[in-house]
Amino acid sequence: DAKTTQPTSMDCAEGRAANLPCNHSTISGNEYVYWYRQIHSQGPQYIIHGLKNNETNEMASLIITEDRKSSTLILPHATLRDTAVYYCIVSGALNYGGSQGNLIFGKGTKLSVKP
Amino acid sequence: KAGVTQTPRYLIKTRGQQVTLSCSPISGHRSVSWYQQTPGQGLQFLFEYFSETQRNKGNFPGRFSGRQFSNSRSEMNVSTLELGDSALYLCASSLLGVSNEQFFGPGTRLTVL
């Protein structure tokens, strides 16, 4: 089972910031938080990941609470093309040659960006 | 750099047949993972290959198998197809398999009649 809890759906006005919350209260010390999104009928797209510090890239920002039990993905200026299902995933850190490589997807949050 | 490619994109088979799907990872990526996506079960992990070895396996029956070649390309095979195998099959690659920053292909849509 997925280790995260996300709202089923959210709406956001075009041009405004989209803030997608995720609860992961059982996260352990060596687990990262990953965010992916899936636009209809396409493969999932990696967005960002982090361990405990806030992270930012060209797509989004990831804010992780100090206790690491929750996080928020921020799309600073949402566009219609950001309409997608957003998945928050908790996954263990890997060592070279380790036995991971799988992602456990939950239901995600369906974000609808409206004009 | 070219992304992950999957062939074929669409496939129609009948019950009892077998099928082979192909995945070419991003150049230099050595880890390839396979996922099944259905409306009812969502995205589920099938298996992962790294340097031609299966490292991790999800909870699927033995009818689902895979392999990876020395150039990191991977194939998955489903034998004795069932109606419930109709799904989008996604392949994802990552550089060393040490991070779950995975890059997904467009998927193969399999329909079993």
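In what follows, the accompanying structure is described. (Residues numbered from 1 in each chain as written. Chains lettered and ligands numbered in written order. Predicted model: local features only at pLDDT ≥ 70, side-chain atom pairs only at ≥ 80, totals over all residues. Heavy atoms only, no water.)

Tallied over the entire structure, the rule returns seven salt bridges over all chains. Measuring nitrogen to oxygen at the nearest pair gives 2.7 Å for the salt bridge that ties A:Arg37 to A:Asp82. Residue A:Arg37 is found in strand β3 (residues 31-38), and its partner A:Asp82 is found in the loop between β7 (70-75) and β8 (84-92); the two are separated by 45 residues along the sequence. Judged on exposure class, the residue A:Arg37 and its partner A:Asp82 are both buried. For the salt bridge of B:Arg55 with B:Glu48, the shortest nitrogen-to-oxygen distance reads 2.7 Å. Neither B:Arg55 nor B:Glu48 differs from the other in exposure class; each is buried. One salt-bridge network, held together by shared partners, links B:Arg63, B:Glu82 and B:Asp85. (Salt bridge = Lys/Arg side-chain N within 4 Å of Asp/Glu carboxyl O. Helix = DSSP H or I, 4+ residues; strand = E, 2+ residues; numbered from the N terminus. Buried < 20%, exposed > 50% of the residue type's maximum accessible area, 1.4 Å probe, protein only.)

Attention shifts here to the state of the cysteines. Residues and elements named next belong to chain A. Inspection of the entire model under this criterion finds two disulfides over all chains. Each sulfur in the disulfide pair Cys22 and Cys88 lies 2.1 Å from the other. Handedness of the Cys22-Cys88 disulfide follows from its S-S torsion of about -80 degrees: it is left-handed. Within this pair, whereas Cys22 is found in strand β2 (residues 18-23), its partner Cys88 is found in strand β8, the two being separated by 66 residues in sequence. As far as burial versus exposure is concerned, Cys22 and Cys88 are alike and both buried. (Disulfide = S-S within 2.5 Å.)

The next subject is the packing of aromatic side chains. Ring pairs (aromatic) are described by centroid distance and by the angle formed between their planes. Evaluation of the coordinates by the stated rule reveals 12 aromatic pairs over all chains. Taking the centre distance of 6.2 Å and the plane angle of 45 degrees together, the rings of A:Tyr32 and A:Tyr34 count as tilted. A relative accessible area of 2% places A:Tyr34 in the buried class. In textbook terms, an aromatic cluster arises when at least three aromatic residues are bridged by ring pairs, as seen for A:Tyr36, A:Tyr46, A:Tyr87, A:Phe105, B:Tyr35, B:Phe45, B:Phe103 and B:Phe104. Sitting over the face of the ring of B:Phe50, B:Arg55 holds its NZ or CZ atom 4.3 Å from the ring centroid. (Phe/Tyr/Trp six-rings, centres within 6.5 Å; stacked < 30°, edge-to-face > 60°. Lys NZ or Arg CZ within 6 Å of the ring centre and 35° of its normal.)

On to the sheet that holds β8(A). Residues and elements named next belong to chain A. Strands sit in the order β1-β9-β8-β3-β4 across an open sheet of five strands; the sheet is mixed. Edge positions in the sheet fall to β1 (9-13) and β4 (45-50), since each of these pairs with one other strand and no more. Sheet twist, expressed as the average angle between the axes of neighbouring strands with direction ignored, equals 25 degrees. (Pairing = 2+ DSSP bridges. Axes fitted to C-alpha atoms, helices over the stretch in contact; angles between N-to-C directions.)

This part takes up the pairing of strand β9 (residues 87-94) of chain B. All names here are of chain B. In terms of burial, β9 is a largely internal element, eight of the eight residues being buried. Side-chain alternation along β9 places Ala87, Tyr89, Cys91 and Ser93 on one buried face and Leu88, Leu90, Ala92 and Ser94 on a second face that is also buried. Pairing geometry for β9 and strand β11 (residues 108-112), over three bridges, is antiparallel. Note that in β11 the partner of Tyr89 across the bridge is Thr108.

Residues and elements named next belong to chain B. Among the secondary structure elements, Gly107 is positioned in the loop between β10 (103-104) and β11. Taking the C-alpha atoms as reference points, Gly107 and Tyr89, 18 residues apart in sequence, are found 5.3 Å from one another. Those residues in contact with Gly107, other than ones at most four positions away along the chain, are Gln6, Pro8, Arg9, Leu88, Tyr89 and Leu90. (Contact = heavy atoms within 4.5 Å.)

This paragraph deals with the sheet that holds strand β5 (residues 55-56) of chain A. All names here are of chain A. On the basis of which strands lie adjacent, the open sheet formed by four strands has the order β2-β7-β6-β5 and antiparallel pairing. Across the chains shown, the open sheet's two edge strands, defined by having one partner strand only, are β2 and β5. Bridge count between strand β6 (residues 61-64) and β7: four bridges; the pairing is antiparallel. If you follow Leu62 over to β7, its bridge partner there is Leu73.

The values are spatial; any link to function lies outside them.
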